[in-house]
Amino acid sequence: MSKKIPIAKDINENQSHLTKKLGIGTSFDIGFREIILLDQKVQFYYVTGLCDTSIVVELLKKLTAINDDEPNKDKLPSIIENRLVHQQVERKYELNEVITQLLSGLIAVFVENCDYAFTVDVRNYPGRGPEEPDTEKVVRGSRDGYTENIIENTGLTRRRVRDERLRNQIFQVGERSKTDICISYIKDIADDGLVNTIIKEIKSIDIDGLAMADKTIEEYLVKQGANPFPLVRYTERPDVAANHLFEGHVLIMADTSPSMIITPTTYFHHVQHAEEYRQSPAVGSFIKWIRFIGIFASVFLLPFWLVLTMEPSLLPEALHFIGPNEVGNIPIVIQIIFADIGIELLRMAAIHTPTPLSTAMGLIAAVLIGQIAIDVGLFSAEVILYVAISAIGSYATPSYELSIANKINRVLLIIITALFGVKGLVIGFTLYVLHLTNTKSLNTPYLWPFIPFNGNALIQILFRFSVPMTKKRPSIVHPKNNYKQR
Amino acid sequence: MGAKKQLEQNKREKPASMLSRTLSTGFFGGIFWSFIAWIASYFHFTTVSPTTFIIRSWLDADWTNSWLADVLSILAVSVISLLVAMVYYVLLRKTRGLLPSILFGLALWGGLFYLLLPIFPNVKPLTQLDSDTIVTTICIFILYGLFIGYSISYEYLDSISKKNI
């Protein structure tokens, strides 16, 4: 942090300071304008890309009218303060503070013979309006989503939580980027310990810039290490965010990112989706179960099928038809891994490919590669089937991060199964569960409420109950108030 | 501070609630992991299943090979698990971390397959079991012990410390 420089009475001194520091004249996007009011210099500094021109023009009109209306030269600073017709006007006595605000889009006004400057919030950030987030679509319900603008985002949350006890605390992180980070929680529900831990972690971040906003914050907050599982949940839906606030979670949002971080998070936060809560309880439970089956299949189906093909004697009599009818030219495990890599390649390609081309690409992939690979004897048909099922299972995982973590685990399980057969699969499964149990996110056991077991909470996850029936907040967030109606 | 005392998270869990939690953990753990064990035996990962121990050791009727026997033995395991959970609660609830509960599971496995084996005439001695069966049963017992043990000690820790952050 550079040392504090008080604003000088001599306006030329301020000007030379600012010109040098900001590189006015070198950087074309920093604007400077000087007008003369009652024979005294008044200077404006602004960033062209971040100011709303119409407001600035309005301010200038009001100010230049001073020359016609006001006779008293001595009171110029207070006249100007009065005439800055905007609700957010502040006096600043310190140059670096002015520079920070100037660079976030406020306009700075310096007056001759005055040892403070005014900053007026005329920000207008380039950005999009609230849109439905691509990754969390629902059939019914609100279609607004968070945007890249932190102010709009707090507004979207406020609209759903008009509680006087909602707190939006803002911090600036990053020596150079000075990114705004906001943590939101409801004061009399969220656990003080959790809030304080998060504030402490955020304040201790020492970095030059947060270009990757929320992701960088996450990495400082939870010590991820080599663990592939997502330790926080993201959402771009204000209704999901508000719901978690009511439950006692703490949200972290970073400017320039539409993704809110929800803390604390468990594994089971990643397997739920807003859609389940937009349908009737029975339908919601049904969707949940189908989804759970899909997620389970995405991890365990392939290694399980592999072990059955390696040792057909394992199959119970009713299931003897399982397993490839003809021995292929390539070992099954190699086929599985190749097919899995192929699907992964397709997925990556589909992300970068423009939409019109990706349809064609899908056709090539499905018809040509799949069918022809079977015809030429590269793959057996059953491999394609099971790889496809587990790929669909990964796509049905609501959390993109979890689906990729599960994919890595699937490959590991396949390899260990191929090496050690039944023992490999069983030990792999055990290690998977042990690893998840051992994982903690902000001191929250990751596999809660399964291990450690909490019957009520587990039933809430396995089945969707109607909202009037769910009276208690989840105990894992240690809410100060366990009952929802209070 | 006076008002804060009223908050529920600051109240100590009553022993009765702790006890019912322990019992429900045991019961559910019994159902779930014996069900997993049954699946493992259905796919011949292991030659022994809950049914082998609980029903086929005493009875030799036809119905012991039906699904009814499996359901009954799963229920029996969950009732026995109530006892297992109580034992863990009494002896080991103050332990921390995963290791004590994993060792607890291993100890249960050792007790069943080594010490108690003479009670079950139908189960082959350890040396005659195939390696798949041994590995599978050990793993299931580890997870079973983890489930019961870690849940109880976490619950206990949670109830004595107002918050665990």
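Residues numbered from 1 in each chain as written. Chains lettered and ligands numbered in written order. Predicted model: local features only at pLDDT ≥ 70, side-chain atom pairs only at ≥ 80, totals over all residues. Heavy atoms only, no water.

K.L.:
Whenever I open this one, the side chain of Asn153 of chain A confuses me. Can you help?
P.N.:
Residues and elements named next belong to chain A. Along the polypeptide, Asn153 turns up in helix α6 (residues 150–160). Relative accessible area serves as the criterion here: at 0%, Asn153 is assigned to the buried category. With residues near it in sequence (within four places) discarded, Asn153 still touches Tyr146, Thr147, Met253, Ser257 and Met260. (Helix = DSSP H or I, 4+ residues; strand = E, 2+ residues; numbered from the N terminus. Buried < 20%, exposed > 50% of the residue type's maximum accessible area, 1.4 Å probe, protein only. Contact = heavy atoms within 4.5 Å.)

K.L.:
Please clarify how the sheet that holds strand β4 (residues 107–111) of chain A should be interpreted in this entry.
P.N.:
Working definition: the strands of a sheet are paired by backbone hydrogen bonds and lie parallel or antiparallel to each other. Residue and element names in this part refer to chain A. In space, the 5 strands of this open sheet follow the order β1-β2-β4-β5-β3, with antiparallel pairing throughout. On the outer flanks of this sheet lie β1 (30–37) and β3 (89–92), each paired with one strand and no other. In this sheet, adjacent strand axes meet at a mean angle of 25° when their direction is disregarded. Here 8 bridges tie β1 to strand β2 (residues 40–47), and the two strands are oriented antiparallel to one another. By the bridge assignment, Leu37 is partnered in β2 with Gln40. (Pairing = 2+ DSSP bridges. Axes fitted to C-alpha atoms, helices over the stretch in contact; angles between N-to-C directions.)

K.L.:
Sorry if this is basic, but what is going on with unusual backbone geometry here?
P.N.:
Peptide bonds are, in most cases, trans, and in most cases residues other than glycine have a negative phi. All names here are of chain A. Following Thr263, the chain continues into Pro264 via a peptide bond in cis, with omega recorded as -15°. The residue Pro264 is located in the loop between β10 (260–263) and α10 (281–310) in this model. The step from Trp448 to Pro449 runs through a cis peptide bond, and the omega angle for that step is 5°. Within the secondary structure, Pro449 is located in the loop between β12 (444–445) and α15 (455–462). Phi at Asp39 takes a positive value of approximately 65°, unusual for a residue other than glycine. With respect to the helices and strands, Asp39 occurs in the loop between β1 and β2.

K.L.:
What should I look at first to understand the interface of chain A and chain B in this one?
P.N.:
A common way to express how large an interface is: the accessible area buried when the components associate. At the junction of the two partners, chain A supplies 42 residues and chain B supplies 34 residues. For the pair chain A and chain B, the summed buried surface comes to about 3,400 Å²; carbon and sulfur atoms form 69% of the total. Between the two partners, chain A and chain B, sit 5 residue pairs in polar contact (both at pLDDT 80 or more). For the side of chain A that touches chain B, the secondary-structure elements that each account for two or more residues are α7 (192–203), α10 and α14 (400–438) of chain A. Of all the elements, α14 of chain A adds the most residues to the side of chain A that touches chain B, at 11 residues. (Buried area = accessible area lost by both parts, 1.4 Å probe. Polar contact = N/O pair within 3.5 Å; in protein donor to acceptor, adjacent residues only side chain to side chain.)

K.L.:
Would you explain the pairing of strand β6 (residues 166–173) of chain A in this entry?
P.N.:
On any regular strand, side chains alternate: one points to one face of the sheet, the next to the other face. Residues and elements named next belong to chain A. Where β6 and strand β7 (residues 179–186) come together, 8 bridges link them in antiparallel fashion. Each bridged residue has a counterpart across the sheet, and for Gln172 the counterpart in β7 is Asp180. Here β6 folds back onto β7 in antiparallel fashion, the turn holding 5 residues, of which Gly174 has a positive phi close to 105°.

K.L.:
Explain the nonpolar core here, please?
P.N.:
What tends to happen in soluble globular proteins is that the nonpolar side chains get buried as a cluster. Grouped together as the largest cluster of nonpolar side chains are 76 residues, with contacts concentrated most on Ile183, Ile252 and Tyr267 of chain A. Ranked by residue count, the leading element in this core is helix α5 (residues 131–160) of chain B, at 10 residues. What Ile183 of chain A contacts, discounting residues up to four positions off in sequence, is Arg167, Asn168, Gln169, Phe171, Val195, Ile198, Ile199, Ile202, Leu251 and Ile252 of chain A. Ranked by size, the runner-up nonpolar core spans 28 residues in total, among them Leu308, Val422 and Val426 of chain A together with Ile140 of chain B. (Core = buried A, V, L, I, M, F, W, Y, C linked by side-chain atoms within 4.5 Å.)

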